[in-house]
Structures are given as structure tokens and as C-alpha cells.
Amino acid sequence: MMIDFRSDTVTKPTPGMMQAMIHAKVGDDVFGEDPAVNLIEETAASLFGMESAIYCPSGTMSNQVGIRCHTQPGDEVICASNAHVYIYEGGGIASNSGSQVKAVEGDYGRIRADQVAMSVNPDDVHKARTALVCLENTSNRGGGSCYDFEEIRKIREVCDEHHLKLHLDGARLFNALVAKNEKPRQYGAVFDSISICLNKGLGCPIGSILMGSSDYIKRARRVRKVFGGGMRQAGFMASAGLYALENNIERLAEDHLHAQQIANALSGKNFVKSIMPVETNIVIMQTRAGMPAIQFAETLYQKGIHVIAIATDQVRFVTHLDISADMVKKTIQVIDGL
């Protein structure tokens, strides 16, 4: 049996989640008649203290709809240089919104308020109009790093000063909430829009939710339709999301523990140059010269462990609800034997 650490998107629905899907009450969501979709949108908005929400097929779509609703063609979006919205969404900011990116070098994917302030363009016809700041919490390419919430508050102040909108790519936000003992409403109070993913970490087959003001989400419904995201009986998947929100959040602490145990096993091995600080469920290790990442990944694969080389010298492990304590124990035994 392969132990799959490639991503927390590879999970299968649990028996309880499958039952929730089977017994879902559904309708046509484009007509606004799917009870399960309506309920998950209301539940998520209430959880974060935001006015409204919209259910989308993927985190990429919820981010791209969110950005489109905040910007006009020719605008500029500030984000970290390794942000998911910038490097992993197929050039969507340019293609979908006609906007460009000002990429800021962050600390494990986290940018600071002073960097945001320095990145805002002056009111000059030669410059793109700075319109939006996008943060990612946790940061995928930052090794699952979490923002300090006080820094987010400071970034909010900069946005207010310069009349900018603030969007959160919260694909793994629940990991951050559990790791930092924070509350969803803290985030709802400072962001203009938040995207949360129900697939990463929470174990759903598909699904993401975009939240914001009522007027904002009304615009988002039109943009989602243009993007091809209007679904019909989507309640089968929305019911999986409702189950996840009720049952799969607190258990994320177990994934965090497993990630730390794997990092501890890798630490000190002669083929490991460095390991990014582990705060949540992602371990990114840098291999030493002479051990290409793809070679290390292949070595593990031959021993029944599936990881992903995300650069020529970087390998990523991601823990999730389909990774048991016994699987972690076996993985550590394999690492110890290398």
C-alpha cells in the first residue's frame, strides 16, 4: 500500500462523509434551489462573521473570482513572490482579470505591512493602479507557514490608508487557525474577501467557498457563471463540505504532529541540507548537492512512500487525514534506514 504524501488533496471521503453525500437534499443551484449549497454558504459566512458566501468547484476558481471582483483591467495586485494565486493558478490574474502582479519577496511566503506600503504605486498615469493585496495563510511554498495575526492587522491598516482591498487565499486557513489557536471571525473582521478550500486538509472531494459582503458576492455569482462555475445539483458535494466543517477541523492538529515527526526524522540526515520551519501539515526539505530531489523522491517511491519534488533540490511531504500514525511510523523507519 502506497503512503501518499504528495498533497492533502489526495484524500478519499470517509464513511461518515459518504453517508452525508448520499443523503443530501439537492436542487438546482444556478436557480438558487439547492438546500445543501445554500446551507454551506450560510454556515461559512456565519462562521467567519461575513455577510455572504458562494460555493465554487475549486480554490483556484474562488481565488480568481475573488480577484476579478476586486479589480479592473490594468490594475495591479500585490502578493508574495511564491503565492499560489501568482505561480499556481495558470496566469489567471492576467487572463481572468487583466491585472498584473507586483511580487514581493516574503518570509516563507509571508509579506509585511511595510513591504505592502512600499509596493503601492503612486497616483501616476504611467503606473498601474494598485487595487488589491492578496495574502496566503498558510503558505504552501512557505512550508505551511502561518501569519502572525498582528501583522495582518497592520497590512489592513496600510490597505485602508491607500484604499486597497484585502483578499485572503485561505486554502489551508483552518490549519493556521488550529495551529495558532485563532478564531475564524478574527479573519472575517479584517479581510474584504476570504477563500477557503474544503478539499485541502478537510478531506472533501471538491469544493471551495468565497466570502465577502452581500454586494461583493452578488458580483461573484455573475463572474462564477462566466467562468463556467455554475453547477446544478451541487449539494452532494456541498454536503461533504458541511460534514467536514463539523468533523474535520480539530483533527488537523494530528496532521501537524505527524508533519513534525517526519521533519524530526529528516533532521540531521546527510542528504538533507535544510528543512523549512514546520508549523502545520507541510514539510519542505532541501536536498544536498549530489542528491537531486527527483532522485530522493524516486528512492522513497520504491519503498512505498509517495512524495513530490517541487524543485530540483526541494521535496515536499504533506500530511492529511488519510495518513495514519502507523504510516508515519513506517515512513520514519524508512528515513532512518537511508
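Up top is the structure these notes are about.
Residues numbered from 1 in each chain as written. Predicted model: local features only at pLDDT ≥ 70, side-chain atom pairs only at ≥ 80, totals over all residues. Heavy atoms only, no water.

Student: Can you help me understand helix H13 (residues 293-302) in this one?
Tutor: In an α-helix, one turn spans 3.6 residues, which is why side chains three or four residues apart end up on the same side. Taken together, the buried positions of H13 are Ala293, Phe296, Ala297 and Leu300. Looking straight down H13, one finds that the buried residues subtend no more than 100 degrees of arc, so they occupy a single side. Facing away from the buried surface of H13 by more than 90 degrees, the exposed residues are Ile294 and Gln302. Against helix H12 (252-266), strand E10 (282-287), strand E11 (305-306), strand E12 (308-311), strand E13 (314-318) and helix H14 (325-336) lie the buried residues of H13. Taken from the residues just after H13, glycine 304 is the one with a positive phi, measuring 90 degrees. (Buried < 20%, exposed > 50% of the residue type's maximum accessible area, 1.4 Å probe, protein only. Helix = DSSP H or I, 4+ residues; strand = E, 2+ residues; numbered from the N terminus. Arc of directions from axis to C-beta. Contact = heavy atoms within 4.5 Å.)

Student: Just to check I follow, could you spell out the packing of aromatic side chains for this structure?
Tutor: Two aromatic rings, taken as a pair, are described by how far apart their centres are and by the angle between their planes. In this structure the tally under the stated criterion is 5 aromatic pairs. Centre to centre, the rings of phenylalanine 48 and phenylalanine 174 are 6.0 Å apart; their planes meet at 65 degrees, and the pair counts as edge-to-face. Here phenylalanine 174 lies in helix H8 (residues 173-180) and phenylalanine 48 lies in helix H2 (residues 35-48), a separation of 126 residues in the sequence. Here the two residues phenylalanine 48 and phenylalanine 174 agree in accessibility, since each one is buried. Pairwise contacts between aromatic rings join Phe149, Tyr187 and Phe191 into one cluster. A cation over an aromatic ring shows up here: arginine 232 above the ring of phenylalanine 31, its NZ or CZ 6.0 Å from the ring centre. (Phe/Tyr/Trp six-rings, centres within 6.5 Å; stacked < 30°, edge-to-face > 60°. Lys NZ or Arg CZ within 6 Å of the ring centre and 35° of its normal.)

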